[in-house]
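Descriptive structure summary
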Amino acid sequence: MSRQRTTIFLATAATIASMVSGASAAVGSTDRADRGSGKCGVLFDDFQYTSATDPALADHGWNARNEMGGPGVPGTAWPASNVSFVTTGGQKAAQLRATTDGTVAGTTNAELRRTTMNLRNGTYATRVRYADTPATGTDGDHINETAFAIGPTKFDYDPIYSELDFTEYLPNGGWGEVGPVNFQTSWHTFREDPWDARTAESRQDRSLNGWHTYVTQVGNGHARYYIDGKLTADHTVDQDGNTVLPRQDMSMNWNLWFIDLDGHQGTATSEYREQVDWAYYAKNETVSPAQADARVEKYRKHDTTYQDSLSNTGSCENYQPPEH
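Values in this document were obtained by computation on a predicted structure and should not be read as measured data.

Details of the packing of aromatic side chains
Throughout the structure, instances matching the rule amount to 16 aromatic pairs. Between the aromatic rings of Tyr130 and Tyr169, the centroid separation amounts to 5.2 Å while the plane-to-plane angle is 15 degrees, which identifies the pairing as stacked. You can see Tyr130 sitting in strand S7 (residues 122–130) and its partner Tyr169 sitting in strand S9 (residues 163–170), a full 39 residues away along the chain. Across the pair, Tyr169 and Tyr130 agree in class, each one buried. An aromatic cluster of at least three residues, connected via ring pairs, comprises Tyr161, Trp187, Phe190 and Trp195. The residue whose ring lies beneath Arg65 is Trp78, and the NZ or CZ to ring-centre distance is 3.9 Å. The ring of Trp62 carries Arg114 above its face, with NZ or CZ at 4.6 Å from the centroid.

As structure tokens, this is what we get:
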């Protein structure tokens, strides 16, 4: 979103880009009819892993963040162990946990991220469970629960900086906001200091507690955002008339972090949780929310827990900007 955070978070995308990419593979049925995708392929994951150290997680192109840095409270940790895989409602899901006792040393955050950047135009979809209250401890912390796609930045006002915040949910507010509030933000660029973000942004002032499906369609000059099948935002340009569509490849990520420690009550630890049921991306294809749901159901029907059929050749090749 357009409120200030730290460059380290944005630079994390460059760290991701340097990692080893996951191998293209299908787990379960490889029935072509099951995929129902366009010619440029899809990425799907049902997050059927045992832990953050499961070799299959890395093989499939994901990892749990383990390095310090932003966003959030400077000096707080991002342990990989804060990402786990649990069974809920009969389905396996990725679970992110964040904890705080109101001190920097007693605060941890979580991030699950794609380790390769090859996502740009097309349709992104994910089913996520947010919580308005902590699993344990007192409520009131300024927690940020998110799902987004991001690319690297090299300098202030980088002309090809790309980021799409599918959902950035603040159940207890933060940045001067009173929660619950959800933001959807499409980025053109930004300057770190003094902070200046060039974006298009929409908001929903309501609770998103529980499971919801977030779909973002990117192409034909628009970034369109949906929650549970309802169009909630349609972005084209920033405040200066510059496009907010991605101009370079991105990764897909989820994180859970504290904006500040001002809202913590008492000295006991509070633990917050965010769960991710599945992730889906169809390259260069406009997929409706209903179609995305139907495709995921077909994957599950055929026991396909992971699929990467993305193509970057011929008409599917992503234009790469020159070095800048």
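Once you've had a look at it, read on.
Things to note about the side chain of Asn82
Here Asn82 shows up in the loop between strand S3 (62–64) and strand S4 (83–88). Within the structure, the side chain of Asn82 is placed 2.9 Å from the side chain of Thr108, a separation counted as a polar contact. The residues touching Asn82, leaving out its near neighbours within four places in the chain, are Gln95, Leu96, Arg97, Ala98, Thr108, Asn109 and Ala110.

A word on the nonpolar core
Ranked by size, the top nonpolar core spans 44 residues in total, and within it Phe47, Trp62, Tyr124 and Trp254 carry the most contacts. Formed by twelve residues, the second largest nonpolar core is a distinct cluster that contains Trp278, Val287, Ala292 and Val296.

As for the state of the cysteines
Under the counting rule described, the total for this entry stands at one disulfide. Covalently, Cys40 is tied to Cys316 through a disulfide, its sulfur atoms 2.1 Å apart. On the sign convention where negative is left-handed, the bridge of Cys40 and Cys316, at about -90 degrees about the S-S bond, is left-handed. Linking Cys40 in the loop between helix H2 (32–35) and strand S2 (42–45) with Cys316 in the segment after strand S17 (306–308), this pair joins segments that are 276 residues apart in sequence. Here Cys40 and Cys316 have matching classes, each one buried.

A few points about the sheet that holds strand S11 (residues 196–204)
Strand order in the open sheet formed by seven strands is S3-S6-S15-S8-S9-S10-S11, and the pairing between neighbours is antiparallel. The open sheet has two free edges, formed respectively by S3 and S11, since each of these has just one partner strand. Between one strand axis and the next, the sheet turns by 15 degrees as a mean value, whatever way the strands run. Pairing between strand S8 (residues 143–150) and S9: six bridges, direction antiparallel. Bridge pairing in S9 links Ala149 to Leu164.

Concerning the pattern of salt bridges
Inspection of the entire model under this criterion finds 15 salt bridges. Arg113 serves as the salt-bridge partner of Glu67, at 2.8 Å between the closest nitrogen and oxygen. In this pair, Glu67 is assigned in the loop between S3 and S4 and Arg113 in strand S6 (residues 110–114), connecting sequence segments 46 residues apart. By relative accessible area, which is 26% here, Glu67 ends up partly exposed. On the accessibility criterion, Arg113 (1% relative accessible area) is buried. Arg295 is the partner of Glu285 in a salt bridge, and the nearest nitrogen-oxygen pair spans 2.8 Å. Of this pair, Glu285 sits in the loop between strand S16 (270–283) and helix H4 (289–301) while Arg295 sits in helix H4; the two residues are ten residues apart in sequence, bridging distant segments of the chain. Neither residue differs from the other here; Glu285 and Arg295 are each classed as buried. One network of salt bridges, with partners in common, ties together Arg65, Glu67, Glu111 and Arg113.

Some remarks on the confidence of the model for the chain
In this model, the chain carries a mean pLDDT of 91, and residues with pLDDT of at least 70 account for 88%. Overall, residues 17–24 carries pLDDT values under 50, and its contacts beyond four positions in sequence, including any with other chains, amount to 15 contacts. Note on residues 29–36: pLDDT under 50 across the span, and 20 contacts to partners over four residues away in sequence or across chains.

Observations regarding unusual backbone geometry
When glycine is set aside, most residues are seen to have a negative phi, and most peptide bonds are trans. In this model, Gly70 is joined to Pro71 through a cis peptide bond whose omega is 5 degrees. Within the secondary structure layout, Pro71 lies in the loop between S3 and S4. Geometrically, the link from Gly179 to Pro180 is a cis peptide bond, its omega value of 0 degrees lying close to zero. Despite not being glycine, Tyr157 shows a phi value in the positive range, around 55 degrees. By secondary structure assignment, the location of Tyr157 is in the loop between S8 and S9. Unusually for a residue other than glycine, Asp303 sits at a positive phi of about 55 degrees. Tracing the sequence through the fold places Asp303 in the loop between H4 and S17.

Here's the deal with the pairing of strand S5 (residues 91–100)
With seven of ten residues buried, S5 lies mostly within the body of the structure. Between the end of S4 and the start of S5, which pair antiparallel, lie two residues, with Gly89 showing a positive phi angle near 60 degrees. Inspection of the sheet shows S5 paired to S16 by seven bridges, in the antiparallel sense. Counted as the bridge partner of Arg97 is Arg273 from S16.

Calculation rules
Residues numbered from 1 in each chain as written. Predicted model: local features only at pLDDT ≥ 70, side-chain atom pairs only at ≥ 80, totals over all residues. Heavy atoms only, no water. Phe/Tyr/Trp six-rings, centres within 6.5 Å; stacked < 30°, edge-to-face > 60°. Helix = DSSP H or I, 4+ residues; strand = E, 2+ residues; numbered from the N terminus. Buried < 20%, exposed > 50% of the residue type's maximum accessible area, 1.4 Å probe, protein only. Lys NZ or Arg CZ within 6 Å of the ring centre and 35° of its normal. Polar contact = N/O pair within 3.5 Å; in protein donor to acceptor, adjacent residues only side chain to side chain. Contact = heavy atoms within 4.5 Å. Core = buried A, V, L, I, M, F, W, Y, C linked by side-chain atoms within 4.5 Å. Disulfide = S-S within 2.5 Å. Pairing = 2+ DSSP bridges. Axes fitted to C-alpha atoms, helices over the stretch in contact; angles between N-to-C directions. Salt bridge = Lys/Arg side-chain N within 4 Å of Asp/Glu carboxyl O. pLDDT = per-residue confidence, 0-100.

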